[in-house]
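# An overview of the molecular structure
Spelled out from the first residue to the last, the chains are:
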Amino acid sequence: MDERPLFKDYLSCHVCLETFKDPVSLSCSHNFCSSCLKEFWEQTKNRNCPICKRKSSKEDPGVNFSLKELADSFAETQTGGSSETEKEEKRLEEVCKKHRGIPPLFCRDEQRAVCSVCEFSLHQNHQVVPLEEAVGELKEQLKSDLKSLQDKRDKYKRVEETYKDVVQHSEKQLLSTEKMIRAEFNKLQQILKEEEESRLAALREEEEQKGRRISGERKRIQEQISSLSDSISAVEEELQKDNMTFLSRFKPTRDRAREQSSVSDPRLLSGTLVDEAKHLGNLAFRVWEKMGDQVHFSPVVLDPNTADSRLQLSADLTSVRRGDTNQQLPNNPERNVRYPRVFGSEGLTSGKLSWEVEVGDYPVWLLGLVKDSVNRKGDTSAKPEDGIWCLWHDDGEYTNGAGEMVTVETSPQRIRVQLDYDGGTLSFYNPEDMTHICTHRDTFTEKLFPYFSLGRSGDAKTSEIRICQTKNRLT
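The rules behind each value
- Residues numbered from 1 in each chain as written.
- Predicted model: local features only at pLDDT ≥ 70, side-chain atom pairs only at ≥ 80, totals over all residues.
- Heavy atoms only, no water.
- Helix = DSSP H or I, 4+ residues; strand = E, 2+ residues; numbered from the N terminus.
- Contact = heavy atoms within 4.5 Å.
- Areas by Shrake-Rupley, 256 points an atom, 1.4 Å probe, with all protein chains shown as cover.
- Buried < 20%, exposed > 50% of the residue type's maximum accessible area, 1.4 Å probe, protein only.
- Phe/Tyr/Trp six-rings, centres within 6.5 Å; stacked < 30°, edge-to-face > 60°.
- Lys NZ or Arg CZ within 6 Å of the ring centre and 35° of its normal.
- Pairing = 2+ DSSP bridges.
- Axes fitted to C-alpha atoms, helices over the stretch in contact; angles between N-to-C directions.
- Core = buried A, V, L, I, M, F, W, Y, C linked by side-chain atoms within 4.5 Å.
- Salt bridge = Lys/Arg side-chain N within 4 Å of Asp/Glu carboxyl O.
- 1 Å grid on protein atoms, 1.4 Å probe; cavity = no way out; pocket = protein on both sides within 12 Å on 5 of 7 lines; lining within 4 Å.
- Points joined across faces, edges and corners; volume = space filled by probe spheres on them.
- Nonpolar A, V, L, I, M, F, W, Y, C, P; charged D, E, K, R; others polar.
- Parallel < 35°, antiparallel > 145°, perpendicular 65-115°, else oblique.
- Left-handed = near helix turned anticlockwise from the far one by under 90°.
- Polar contact = N/O pair within 3.5 Å; in protein donor to acceptor, adjacent residues only side chain to side chain.

## Some thoughts on the overall build of the protein
Counting its secondary structure elements, the protein contains nine helices and 20 strands. For the protein, the proportion of contacts with a sequence separation of at least 24, taken over those separated by at least 6, is 66%. Working note: accessible area of the protein is about 26,300 Å², and carbon and sulfur atoms make up 45% of it.

This is the structure in structure tokens:
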């Protein structure tokens, strides 16, 4: 039994009844030529399948390259295995049957090959060049598009590599955070066991949710990389075709390449790391509210996901020191990478907040507030114009961050930071006698976070700065 008719039916479009050209697949598994399907949808004013009438879930189905390769291969077998010379003669005959031996020209205005004898007079007002020259120019265009595709793929690969770092660091966070949670609950004795397991469950649930989120995004990234790679392979293959084949396929190949080159660049998702601050910040205080015992409370908790790799945070996220070496941390969107700084975990958009920081004799530090949209990856100055309101200490000298010197009679061991968001003031005091140091006055319009930045400690006795905790008792 001859199977070729069945095979031909399988590779034929149900709209034009010809062998597939750039076949696309719908969610109902029916296949059509890309141009046939678009024309059918334009005529019917809907996106239903021409066969089963089911509505397609794909807005713009991409070319099924596996089916295309099979259809192209089948189409070639139908030519009877002609030699390359015969095929070239046939293509030249498509330009002009009378003058097959005379090299054709290329009309730039009409973007096609024309006979240099019988059609030349029809194109006297057009830009007509030798075919070889035109092919060379068009190949250069396609090479440029190929470069764009390769660059786009490289960007996706770089994002994929960053996601690998995020996943690895997230796994480390999971282990370290779990260890801290267990340590806290062990201190609170067996009565807190139920609460401990509750917190651990929340941590694991967050890790699973973020893991699924990252997995989904990585899958999309990988699919895009695969699609771009397929397009690159298709373009590279077209560049190897003979002139007439290249010309016949140039425009759709270029259009597909440019369409994929125009895909938006990949971006890392925010909030993909484990929110350590949520699980560890003020953990004892929240438990204390349930058990009614005396605990310590920190008004500000540092966010390790924002910390520069040179900074090391304490386990309870209330102190920070400047390390001698850089840690291996993922370059997630929240992280500061240009300056040695870290932000608080919770931002404010209204109300008041105050906290004290023990600075001792630490030589260089900056304390204050930073807006959420501050540039975390590039150059910024510690000035209100760049979204930072601070008090800057440098070896006994104080400035307000805007370049103005501040007079301080006695260098305080602690600094009190006091924000009135709605009133538009950020003030600094010596908490020992509440001596005023300086005040920033501004109109705050976005979320603000506590801000900490450290220089090197040098020979100072104080090797870290610490957010001071307070004692509270449930009443």
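The structure having been displayed, the exposition proceeds.
## Quick notes on the environment of Thr 349
Take Thr 349: it is sitting in the loop between β9 (341-343) and β10 (352-358). Classification of Thr 349 as partly exposed rests on a relative accessible area of 49%. When the C-alpha atoms of Thr 349 and Asp 422 are compared, they prove to be 8.4 Å apart, with 73 residues separating the residues in sequence.

## Notes on the packing of aromatic side chains
Under the counting rule described, the total for this entry stands at six aromatic pairs. On the basis of an interplanar angle of 45 degrees and a centroid distance of 5.6 Å, the ring pair of Phe 246 and Phe 250 is categorised as tilted. Within this pair, Phe 246 and its partner Phe 250 are both found in helix α7 (residues 243-261), separated by four residues, close to a single helical turn. For the pair Phe 246 and Phe 250, a shared accessibility class is recorded, and that class is buried. Seen from their ring centres, Phe 343 and Tyr 451 are 6.2 Å apart, and the 40 degrees between their planes marks the pair as tilted. With a gap of 108 residues between them, Phe 343 in strand β9 and Tyr 451 in strand β18 (residues 448-454) connect regions that are remote in the sequence. Of note, Lys 139 hangs over the ring of Phe 246, and the distance from its end group to the ring centre comes to 5.8 Å.

## Let's talk about the sheet that holds strand β5 (residues 128-130)
In space, the three strands of this open sheet follow the order β4-β3-β5, with antiparallel pairing throughout. Of all strands in the sheet, those bounded by a partner on one side alone are β4 (112-114) and β5. Averaged over neighbouring strand pairs, the angle between their axes works out to 40 degrees when direction is ignored. For strand β3 (residues 105-107) and β5, the ladder comprises three bridges, and the chain directions are antiparallel. Bridge pairing in β5 places Cys 107 opposite Val 128. In the packing of helix α5 (residues 131-187) onto the sheet, the strands contacted are β3, β4 and β5, and the crossing angle to β5 comes to about 95 degrees.

## A look at the nonpolar core
Counting 33 residues, the largest nonpolar core has Trp 365, Ile 415, Phe 452 and Ile 465 as the members making the most contacts within it. Counting only elements with at least two residues in this core, the list comes to β10, β11 (364-371), β12 (388-394), β15 (414-420), β16 (425-430), β17 (435-441), β18 and β19 (464-467). With residues up to four places along the chain from it excluded, the contact list for Ile 415 reads Trp 355, Glu 356, Val 357, Val 359, Trp 365, Leu 367, Leu 391, Phe 428, Tyr 429, Pro 431 and Ile 437. Of all hydrophobic cores here, the second largest spans 27 residues; its members include Phe 106, Val 135, Leu 142 and Ala 257.

## What about the pattern of salt bridges?
Side chains that carry opposite charge are capable of pairing whenever their charged atoms lie near each other. In the structure shown here, the tally under the stated rule is 29 salt bridges. One salt bridge connects Lys 241 with Glu 237, and the closest N-O pair in it is separated by 3.6 Å. For Asp 255, the salt bridge is made with Arg 254, and the minimal N-O distance between the two is 3.5 Å. Under the relative-accessibility criterion, Arg 254 is labelled buried at 15%. Each of Asp 22, Lys 68, Asp 72 and Arg 256 takes part in one network of salt bridges that share partners.

## Here we look at the layout of surface pockets
If you add up the space inside the second largest pocket, you get close to 580 Å³. If you trace the second largest pocket, you find 23 residues lining it, with Pro 61, Gly 62, Val 63, Arg 256 and Glu 259 closest to the centre. Contributions of two or more residues to the lining of the second largest pocket are made by α2 (34-44), α6 (193-239) and α7. At seven residues, the largest contribution of residues to the lining of the second largest pocket is made by α7. Class assignment of the residues belonging to the lining of the second largest pocket gives a composition of nine nonpolar, seven polar and seven charged.

## Let's talk about the packing of α5 against helix α9 (residues 283-291)
Relative to each other, α5 and α9 sit at 40 degrees, their axes nearing to 11 Å. Taken together, the axes of α5 and α9 lie oblique to each other. The handedness of the crossing between α5 and α9 comes out as right-handed. Judged by residue contacts, Ile 181, Glu 184 and Phe 185 of α5 engage Leu 283, Ala 284 and Val 287 from α9. Of the residues in the contact of α5 with α9, the class split is five nonpolar, no polar and one charged.

## Some thoughts on the pairing of β12
By the criterion of burial, β12 is predominantly enclosed, with five of the seven residues buried. As paired elements, β11 and β12 share seven bridges and run antiparallel to each other. Across the sheet, residue Leu 367 finds its bridge partner in β12, namely Leu 391. Sheet topology note: the β12/strand β13 (residues 397-399) ladder contains three bridges and is antiparallel. Bridging across to β13, Asp 394 finds its partner in Glu 397. Hairpin connection from β12 to β13: two residues lie between these consecutive antiparallel strands, with Asp 395 at a positive phi of about 50 degrees.

## Here's the deal with the side chain of Lys 68
Assignment of secondary structure puts Lys 68 in helix α3 (residues 65-77). Judged by relative accessible area, Lys 68 falls into the buried class, the value being 16%. There is a polar contact of 3.3 Å between the side chain of Lys 68 and the side chain of Asp 22. Apart from the residues within four sequence positions on either side, Lys 68 is in contact with Asp 22, Pro 23 and Val 63.

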